[in-house]
Amino acid sequence: LAKTTQPISMDSYEGQEVNITCSHNNIATNDYITWYQQFPSQGPRFIIQGYKTKVTNEVASLFIPADRKSSTLSLPRVSLSDTAVYYCLVDRGTSYGKLTFGQGTILTVHP
Amino acid sequence: EAGVAQSPRYKIIEKRQSVAFWCNPISGHATLYWYQQILGQGPKLLIQFQNNGVVDDSQLPKDRFSAERLKGVDSTLKIQPAKLEDSAVYLCASNLAGVNYEQYFGPGTRLTVT
């Protein structure tokens, strides 16, 4: 199982773009990169998933370079409500994938 | 659409007592998971059900933890007897068959063992 490394914490201010980078040097050919968000006292919530290049949805963008050894979650113009823990996961991305959560990145957005 | 329901939300018990948690997944979701989340850590998978069959219980401490999903809908997770290190949030999640990467989580049950 590919191990992921991401910063323990990050600070930002309202209105800024936030980029959280995740390292996954041992990613396998079949693996996808998935990001989850968790607010205090809530369960995690799926944000985005990608395999290569760039994926964008209404919440975030995910950038994956050609070697796929890292990925960057980009949150445009964050607000206070984006304060949460963000998890980078590497999984099969298929019917039989199993999610393995690491420690995550605590993002704190300041006014 | 109703989300994943869990109860109780909070539970305090003494060590060596037993406790049970209940989960009702999103309607139509065939796959159901129980996770344990210790403070400051990410969730750890305890058990995965596909309908009413167990797919993965490799990380379930079977000497004290048990889970069932009768009729392939609701599920219960039981701890007997509880230890201090079982203090954690127990999360239930579900997803549509074939979309394991996008799981829907409930609010969790916070267990404190004293």
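Note: the structure precedes this text.
Residues numbered from 1 in each chain as written. Chains lettered and ligands numbered in written order. Predicted model: local features only at pLDDT ≥ 70, side-chain atom pairs only at ≥ 80, totals over all residues. Heavy atoms only, no water.

S.K.: Whenever I open this one, unusual backbone geometry confuses me. Can you help?
M.R.: In terms of backbone geometry, most residues other than glycine have negative phi values and most peptide bonds are trans. The omega torsion across Ser7(B) and Pro8(B) is -10 degrees, close enough to zero to call that bond cis. With respect to the element layout, Pro8(B) can be found in the loop between β1 (5-7) and β2 (10-13). For the peptide bond that leads from Gln80(B) to Pro81(B), omega is -5 degrees, which places it in the cis range. The phi angle at Arg77(A) is positive, at roughly 45 degrees, despite the residue not being glycine. Relative to the helices and strands, Arg77(A) resides in the loop between β7 (70-75) and β8 (84-91). In this structure Arg77(A) comes out as exposed when scored by relative accessible area, which is 66%. In this model, Asn51(B) sits at a positive phi of 55 degrees, which is unusual for a non-glycine residue. Mapped onto the secondary structure, Asn51(B) falls in the loop between β5 (44-50) and β6 (53-56). For Asn51(B), a relative accessible area of 39% gives the class partly exposed. (Helix = DSSP H or I, 4+ residues; strand = E, 2+ residues; numbered from the N terminus. Buried < 20%, exposed > 50% of the residue type's maximum accessible area, 1.4 Å probe, protein only.)

S.K.: What is the right way to read the sheet that holds strand β5 (residues 53-56) of chain A from this model?
M.R.: Think of a sheet as strands paired side by side through backbone hydrogen bonds, with each pair either parallel or antiparallel. Residues and elements named next belong to chain A. Taken together, four strands build an open sheet; the order of strands is β2-β7-β6-β5 and the sheet is antiparallel. In this open sheet, the two strands that pair with only one neighbour each are β2 (18-23) and β5. Geometrically, the sheet is characterised by an average inter-axis angle of 15 degrees between neighbouring strands, direction not taken into account. (Pairing = 2+ DSSP bridges. Axes fitted to C-alpha atoms, helices over the stretch in contact; angles between N-to-C directions.)

S.K.: Which parts of the structure should I look at to understand the side chain of Ser12(A)?
M.R.: All names here are of chain A. One can find Ser12 in strand β1 (residues 9-13). A distance of 3.1 Å separates the side chain of Ser12 from the side chain of Gln16, its partner in a polar contact. Among residues more than four places away in sequence, those in contact with Ser12 are Val18, Val78, Leu107, Thr108, Val109 and His110. (Polar contact = N/O pair within 3.5 Å; in protein donor to acceptor, adjacent residues only side chain to side chain. Contact = heavy atoms within 4.5 Å.)

S.K.: Looking at this structure, how should I read the nonpolar core?
M.R.: The nonpolar side chains of a soluble globular protein tend to be buried, and buried together. Membership of the largest hydrophobic core comes to 21 residues, with the highest contact counts inside it found for Phe21(B), Trp34(B), Leu77(B), Ile79(B), Tyr90(B) and Leu111(B). With sequence-adjacent residues up to four places away left out, Tyr90(B) is seen in contact with Gln6(B), Phe21(B), Tyr35(B), Gln36(B), Leu46(B), Phe65(B), Leu77(B), Ile79(B), Gly108(B), Thr109(B) and Leu111(B). Residues Ile20(A), Ile27(A), Trp35(A) and Leu62(A) belong to the second largest nonpolar core, which totals 20 residues. (Core = buried A, V, L, I, M, F, W, Y, C linked by side-chain atoms within 4.5 Å.)

S.K.: Any chance you could explain the packing of aromatic side chains here in plain terms?
M.R.: How two aromatic rings sit relative to each other is set out by the distance from centre to centre and by the angle between their planes. Residue and element names in this part refer to chain A. Throughout the structure, instances matching the rule amount to twelve aromatic pairs over all chains. Ring centres of Tyr87 and Phe101 lie 5.3 Å apart, and the angle between their planes is 90 degrees; this geometry places the pair in the edge-to-face category. With Tyr87 in strand β8 and Phe101 in the loop between β8 and β9 (105-110), this residue pair connects regions lying 14 residues apart in the sequence. Owing to a relative accessible area of 9%, Phe101 belongs among the buried residues under this scheme. For Arg68, the ring lying beneath its charged end belongs to Tyr51, and the centroid distance is 3.9 Å. (Phe/Tyr/Trp six-rings, centres within 6.5 Å; stacked < 30°, edge-to-face > 60°. Lys NZ or Arg CZ within 6 Å of the ring centre and 35° of its normal.)

S.K.: What's the story with the environment of Gln103(A) in this structure? I'm lost.
M.R.: Position of Gln103(A) among the secondary structure elements: in the loop between β8 and β9. Along the chain, Gln103(A) and Ile64(A) lie 39 residues apart, while their C-alpha atoms are 21 Å from each other.

S.K.: Would you mind showing me how to read the pairing of strand β9 (residues 88-95) of chain B here?
M.R.: Strand residues, when the strand is regular, have side chains that alternate between the two faces of the sheet. All names here are of chain B. Most of β9 sits out of view: eight of its eight residues are buried. Alternating residues of β9 divide into Ala88, Tyr90, Cys92 and Ser94 and Val89, Leu91, Ala93 and Asn95, and every residue in both groups is buried. Two strands pair when backbone bridges link them, and strand β4 (residues 31-37) and β9 are joined in this way by seven bridges, in the antiparallel orientation. Residue pairing across strands places Thr31 opposite Asn95, the latter belonging to β9. Relative to strand β10 (residues 104-105), β9 is paired through two bridges, and the arrangement is antiparallel.

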